[in-house]
Amino acid sequence: CRMDNLSEIYIQRGRKPEAIFADERGCKLRRELTPNACDEHDIALFAETFQGDDTLGTTHRKGVAGTLHRLSIIVHPTHVCAVTKQPRVIGVTARVGRSIHGILEKMAPILLKTTQSLLLIGRPGVGKTTVLREFARMLSEDKGLVVVVVDKTNEIA
């Protein structure tokens, strides 16, 4: 597996950490990072990123400032911290964000000509955010348009 094909890193308490790669066809390949299971200390490295974040209870994810990457937390459904009232974080997924210039022309050239609303639906990791980034980039190149992106979790840019 090549590092430029890295898609996600997944860690969860009690499980071995994994790197997830996407091959040229989009198939996911999982590789263990270490033979040891993750513990509270591993999770705490990421969990601190979400402290004081008002969107934690609703989105469970946050963009990494200055990058296109995203962190998503996995919370225990019933355990809540007595002090902060926040759900207990038991895992983190770090997703590698990418901007792929020209993807819209290849995937869906008809979308570039429409003025209608657009709804993107799909499984995680299929490219919804990548397509939105490309739309925003292309629209912003038109000097006659003002492009505003409302992105509460900093995932788009």
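Above this note sits the structure.
Residues numbered from 1 in each chain as written. Predicted model: local features only at pLDDT ≥ 70, side-chain atom pairs only at ≥ 80, totals over all residues. Heavy atoms only, no water.

**Overview of the pairing of strand S1 (residues 6-12)**
Then comes step 1: Of all seven residues in S1, six are buried; the element is thus mostly enclosed.
Then comes step 2: Note that S1 and strand S2 (residues 18-22) share four bridges and pair antiparallel. Note on S2: the bridge partner recorded for Glu8 is Ile20.
Then comes step 3: Where S1 folds back on S2, the antiparallel hairpin that results is connected by five residues, among which Gly14 adopts a positive phi of roughly 90 degrees.
Then comes step 4: Of the strand pairs in this sheet, S1 and strand S6 (residues 87-95) are connected by five bridges, and their pairing is antiparallel. Residue Glu8 lies in a different strand from S6, and its bridge partner there is Arg95. (Buried < 20%, exposed > 50% of the residue type's maximum accessible area, 1.4 Å probe, protein only. Helix = DSSP H or I, 4+ residues; strand = E, 2+ residues; numbered from the N terminus. Pairing = 2+ DSSP bridges.)

Function cannot be read off these values alone, since they describe shape.
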